[in-house]
Amino acid sequence: MNRLLWVEDLSGHIDTPKGRLHILNGVSFCVHENECFGIIGESGSGKTMTALSVLRYAERLGFQIDAGAIVFEGEDVLGFNKRRLLHYNGGRVAVIPQDPMTSLDPLFTAESQLVETLRTHKKLTVKQAKAQAYAIAEKMRIAPEKLKCYPFQLSGGMLQRIVGAAAIACHPKMIIADEPTTALDVTVQLQYLKLLRDIQDEYGAAIVFISHDMHAVSMICDRIAVMYAGRIVECASKNGLLRNPRHPYTRALIRSANLSGEVRGKYDTIDGVPPDPLAKPVGCSFADRCPHSMPRCFAETPPKTTRDDHEVCCWACQKDESKT
Amino acid sequence: MKYAVKKLVQSAVILFFVSIVIFLAVRASGDPLQSLLDPRASDAQRAALSAKLGLDKPLIVQYGIFVFDALRGDLGNSHSSGRPVLEIIGEKLPGTVVLSIMALLIAILFTLLLGTLAAVKKNRAADRIVAVLSALGQSFPVFFVGIIAVQLLGVKLRIFPISGADTPLHYVLPGVLLGLCVSSSMALVLRNNLLAELESDHVKFARLRGLNERSVLFRHALRNSFSTVLSLSAFIFANLITGSIVIESVFAWPGIGELSYQAIMKRDFPLVQGIVLIFAILIVSLSLLTDILHAALDPRIRLGKEEMQ
Amino acid sequence: MTNAVALKVKSVLDALRHVPKIPFAVVILFVLNGIFAPLITPCDPEQTALSDKFLPPFFMPGGSVAHLLGTDRLGMDVLSRVMYGGRISLFIAFLAIVAGGLLGSLLGVLAGYYGRKTDKVIMSLSDASLAFPSILLALLLSISIGSGAAAAIISISFLMWSKYTRTIKTEVVTLKRKNFVTASKLMGASDFFVIKRHILPNVGNVIIVMVSIEVGMAILSESALSFLGLSVSPPTPSWGQMISDGNKYFLKAWWISVFPAIATAVTVLAFILLGEWMKKSLGARDE
């Protein structure tokens, strides 16, 4: 499979009145064509900022990139000029935002916003664009009469589909879904996830699924990356990760997510808190919460090691490997 | 459509209350005759005039007569000239209406221009200048600015004429000044709304869909922010009318404002009463128009906040 | 008891440290001037001296230190008149706001607390008043009770009250829904007690912010009214009226109009800025 997106050692910060927030500290991963790639992590881990960096939107929020590269379809994204960026956003990479209720302009109908998106990227007459809009709506299981409604007249689930329709309208090669299920009821979530997969199969787009919800991620993703304190600490195929998690954080995450659904007496949480982004990270960020930490973990940042297509950044794991 | 009807009814109710206020205020001193009669008039004369004007009837009845007559277009006759009040007002009304509408259009133009400029160049020189201008515009009394303009541009430099409304050039100074003053408060509001809109989720999504910045600004952000400015309309019109009365006197502009000034001097209470009523109707109609405009712009108002599924 | 008081004083002093200095100074100056004007004016503001008319301010040729800002057409000292005018403005604006504020707040509390019908009626009244700029009311009053301070106060307060009603009502409604009000009522507290104890303190913040912004508007309204001759009458000095007077002689004696205008603008600006700052700092505190 070809590499569609390649992020290498991305680091960046935001300066605030309180100080410099080190949000990304060397993020590396890659997404292949047609693949559903999940990024999982708690809030503050940097997953949204990673997505925004890939979209080149992070800079509007004051985010400055210190180092690293982002390559999409072989092109250097960080070097895109304004014109290429306009085509890139929405045309080659699309986003499904987190909160559908506020993501659409309240003054325009759903239809007109779809038409607007289509005509931005393709030379279409209004009539042609409308036809295409209705076609896509059908794919997203949106009833045609709903398209003529204004956002305030539609339910959350419907809005999420409309927003999804806007995302796929221009046949992007990659769709970034940022916590798409957070705003939905549990019953609707499953439907929506299935819909996403169907879309992917039909359009052949890659999906980057960002979430803190292990359940959702494990349901539809082919490969999963685990993010902690601005770094990807583990990345593997779904089965590989779930059956054989190597990084202590991943193991703790899986345990607390209780994917097997056992009935347990207490909630499993991870002791401690994520590191303060104001402090520049030294060594492994998870060290202070890790049951297997060694002095080396606090001093040196563990590099990425790969075994059988299963990547991990952990000194303890390396030690285990050298034993076997 | 439903919304327009609802607003129409509301306006009628407002005018009803306003008419009560007008009616009461004029009779607040308790003796409306004092302005008409010689203090040495005899009781008989007093009684006769009282009966003639219907002032001996109970207050409610008087009010009823007042409203009934008003609806028929009869606002009484001016004490000083004897002509029907409505006729006198009718002559001068166009002057004020023209001035108001012109000022309003200029105000909207300036608000959009300055507000957008300030938001786009946030915290840079242009923004600060607009903020200062806006603050000054709100603090300096509008008539003083008018006086300065008259003296400097009219008398000293002789660029603009300073009284009457004969040529188009006459329209410039009063209209622009009034428009500027009204827009000074609106511009800042627009700026702040616009800034908030530019950080909103829907603008973010629009950008992420690949819409260019101009589209985002004008089609999405500005429309949404202007909506909020429109909801200040009643306040704006009150300011506008107050301003026009004052400006009319500074520029000797032939309009109702100037008329009212004269009417007070002569203690002509039917005329004053009629003028105030007409002004109130003017304000209410303008507000109504603005509300309808607002509804046209914002579907949430137009269709009510019912949730359809 | 004293601890609570001490804490309150401390928090006020803390807040004062961040207050924008110049507007605050201007406002204090304005208030002090208003209160002490009779004691500190250099001349009697209503004393005419026809031999000294149209004297320019002291920094221009022909001016003297006896009349720092010059004299007007009747020889009255401009500086003293500006100071006294400030006193009048303060007086009228203050009373108008108090009257309007009290009335408006009361109506707002009633509307919010008793809801439904009372609410509807009061709200329509409030909408009606918006259509009624103070000038119109002043016009009407001028032919019934005549012009003067009372008429001006009534007219201006009429302009102000609806804003209070609306804001207070929203606050009251929000508070009413909160639990502690319901709890009080369950325990049998009378309506009045509930209003006094729970709603008023919370609403106080909002009122303070509104008042400071409104003072500026009240001063401007008074100025417009006196310009048209609908407020206090000569020889009592009033800023708007002085501007109107000076209009006729503007090119010859600009100082008669300009100084009161500057006084108005500076004062109004100071109040607006102070109000904005209060809005920001009190708003931030609520979070």
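Look above for the structure.
Q: Would you explain the overall build of chain B in this entry?
A: In terms of helices and strands, chain B carries 13 helices and 0 strands. Seen in sequence order, chain B has helices and strands lined up from the N terminus as α-α-α-α-α-α-α-α-α-α-α-α-α. In chain B, which comprises 309 residues, the share counted as buried stands at 49%. For chain B, the exposed surface amounts to about 14,400 Å²; the carbon and sulfur share of it is 66%.

Q: Explanation requested: the interface of chain C and chain B in the structure shown.
A: One frequent convention defines the size of an interface as the accessible area lost when the parts assemble. Each partner contributes to the interface: chain C provides 40 residues, whereas chain B provides 44 residues. Summing the contributions of chain C and of chain B, the shared interface buries around 3,700 Å²; its carbon and sulfur component is 83%. Our count for the contact surface shared by chain C and chain B stands at 0 residue pairs in polar contact (both at pLDDT 80 or more). Those elements giving two or more residues to the side of chain C that touches chain B turn out to be helix 4 (116-130), helix 5 (134-144), helix 6 (149-177), helix 8 (191-227), helix 9 (239-247) and helix 10 (255-286) of chain C. Split by residue class, the side of chain C that touches chain B holds 30 nonpolar, 8 polar and 2 charged.

Q: For this particular structure, what's the right way to read a nonpolar patch on the surface?
A: Where nonpolar side chains cluster on the molecular surface, the patch consists of Ile28, Leu32, Ile35, Phe36, Leu39 and Ile40 of chain C and spans about 570 Å² of accessible area. Along the polypeptide, Phe36 of chain C turns up in helix 2 (residues 21-40).

Q: Just to check I follow, could you spell out the side chain of Glu222 of chain C for this structure?
A: Residue and element names in this part refer to chain C. Looking at the secondary structure, you find Glu222 in helix 8. The buried charged residue Glu222 lacks any salt bridge, with Arg81 as its nearest oppositely charged partner at 11 Å. The residues contacting Glu222, other than those within four sequence positions of it, are Ile88, Ser89, Ile92, Ile156, Ser231 and Ser238.

Q: Please clarify how the interface of chain B and chain A should be interpreted in this entry.
A: Of the residues lining the interface, 28 residues belong to chain B; the matching set on chain A comes to 32 residues. Both sides together, the interface formed by chain B and chain A hides about 2,800 Å², and carbon and sulfur atoms give 58% of it. Viewed at the interface, chain A and chain B are joined by 3 salt bridges. Along the contact surface separating chain B from chain A lie 14 residue pairs in polar contact (both at pLDDT 80 or more). Among the secondary structure elements, those contributing two or more residues to the side of chain B that touches chain A are helix 8 (201-208), helix 9 (213-230) and helix 13 (299-303) of chain B. Classifying every residue of the side of chain B that touches chain A gives 7 nonpolar, 8 polar and 13 charged.

Q: Looking at this structure, I do not really get the sheet that holds strand 1 (residues 3-16) of chain A. What am I missing?
A: To summarise the sheet geometry, strands pair through backbone hydrogen bonds and adopt either a parallel or an antiparallel arrangement. Residues and elements named next belong to chain A. With antiparallel pairing, the 4 strands of this open sheet are ordered in space as 2-1-4-5. Two strands bound the open sheet, and with one partner strand each, they are strand 2 (19-32) and strand 5 (75-76). Bridge analysis of strand 1 against strand 4 (residues 63-72) gives 8 bridges, and the strand direction is antiparallel. Looking across to strand 4, one finds that Glu8 is bridged to Ala69. Along the sheet face, helix 1 (residues 47-54) touches strand 1, strand 2 and strand 4 and points at about 70° away from the line of strand 2.

Q: Would you take a moment to explain the packing of helix 8 of chain B against helix 9 of chain B for this structure?
A: A pair of packed helices is captured by two measures, namely the crossing angle of their axes and the spacing between those axes. Residue and element names in this part refer to chain B. For the pair helix 8 and helix 9, the least separation of the axes is 10 Å and the interaxial angle reads 160°. The angle between helix 8 and helix 9 places the two elements in the roughly antiparallel class. Between helix 8 and helix 9 the crossing geometry is right-handed. Where helix 8 approaches helix 9, its residues His202, Val203, Ala206 and Arg207 are matched on the opposing element by Glu213, Val216, His220, Ala221 and Asn224. Along the lines of polarity and charge, the residues of the contact of helix 8 with helix 9 split into 4 nonpolar, 3 polar and 2 charged.

Q: Please explain the pairing of strand 6 (residues 93-96) of chain A as it appears in this structure.
A: Residues in a regular strand project their side chains so that they alternate between the two faces of the sheet. All names here are of chain A. Neither face of strand 6 is open: one carries Val93 and Val95, the other Ala94 and Ile96, and all of them are buried. Across 4 bridges, strand 6 lies against strand 7 (residues 174-178) in parallel orientation. Residue pairing for strand 7: Val95 is matched across the bridge by Ile176.

Q: How do you make sense of the environment of Ile14 of chain A when you look at a structure like this?
A: All names here are of chain A. Here Ile14 shows up in strand 1. We classify Ile14 as buried; its relative accessible area is 12%. Sequence separation of Ile14 and Leu278 is 264 residues, and the distance between their C-alpha atoms is 9.8 Å.

Q: Looking at this structure, how should I read the packing of aromatic side chains?
A: Between two aromatic rings, the relevant description is the distance of the centres plus the angle of the planes. All names here are of chain A. According to the stated counting rule, one finds 10 aromatic pairs over all chains in the structure shown. With centroids separated by 5.4 Å and ring planes inclined at 15°, the aromatic side chains of Phe29 and Phe37 adopt a geometry described as stacked. Accessibility classification places Phe29 together with Phe37 in one group, the buried group. Aromatic pair Phe72 and Tyr88: ring centres 5.6 Å apart, planes at 75°, arrangement edge-to-face. On the criterion of sequence distance, the pair formed by Phe72 in strand 4 and Tyr88 in helix 2 (residues 82-92) is long-range, its members being 16 residues apart. By the burial criterion, Phe72 is buried, and Tyr88 matches it. Here the aromatic residues Phe72, Phe80 and Tyr88 are joined through ring pairs into a cluster of three or more. Above the ring of Trp6, the side-chain terminus of Arg3 is found at 4.5 Å from the ring centroid. Positioned above the aromatic ring of Trp315, the side-chain terminus of Arg296 is 3.6 Å from the ring centre.

What counts and what doesn't
- Residues numbered from 1 in each chain as written.
- Chains lettered and ligands numbered in written order.
- Predicted model: local features only at pLDDT ≥ 70, side-chain atom pairs only at ≥ 80, totals over all residues.
- Heavy atoms only, no water.
- Helix = DSSP H or I, 4+ residues; strand = E, 2+ residues; numbered from the N terminus.
- Buried < 20%, exposed > 50% of the residue type's maximum accessible area, 1.4 Å probe, protein only.
- Areas by Shrake-Rupley, 256 points an atom, 1.4 Å probe, with all protein chains shown as cover.
- Contact = heavy atoms within 4.5 Å.
- Buried area = accessible area lost by both parts, 1.4 Å probe.
- Polar contact = N/O pair within 3.5 Å; in protein donor to acceptor, adjacent residues only side chain to side chain.
- Nonpolar A, V, L, I, M, F, W, Y, C, P; charged D, E, K, R; others polar.
- Patch = residues over 30% accessible without salt bridge, like charges linked within 9 Å, V, L, I, M, F, W, Y side chains within 5 Å.
- Salt bridge = Lys/Arg side-chain N within 4 Å of Asp/Glu carboxyl O.
- Lys, Arg positive; Asp, Glu negative; His and termini not counted.
- Pairing = 2+ DSSP bridges.
- Axes fitted to C-alpha atoms, helices over the stretch in contact; angles between N-to-C directions.
- Parallel < 35°, antiparallel > 145°, perpendicular 65-115°, else oblique.
- Left-handed = near helix turned anticlockwise from the far one by under 90°.
- Phe/Tyr/Trp six-rings, centres within 6.5 Å; stacked < 30°, edge-to-face > 60°.
- Lys NZ or Arg CZ within 6 Å of the ring centre and 35° of its normal.

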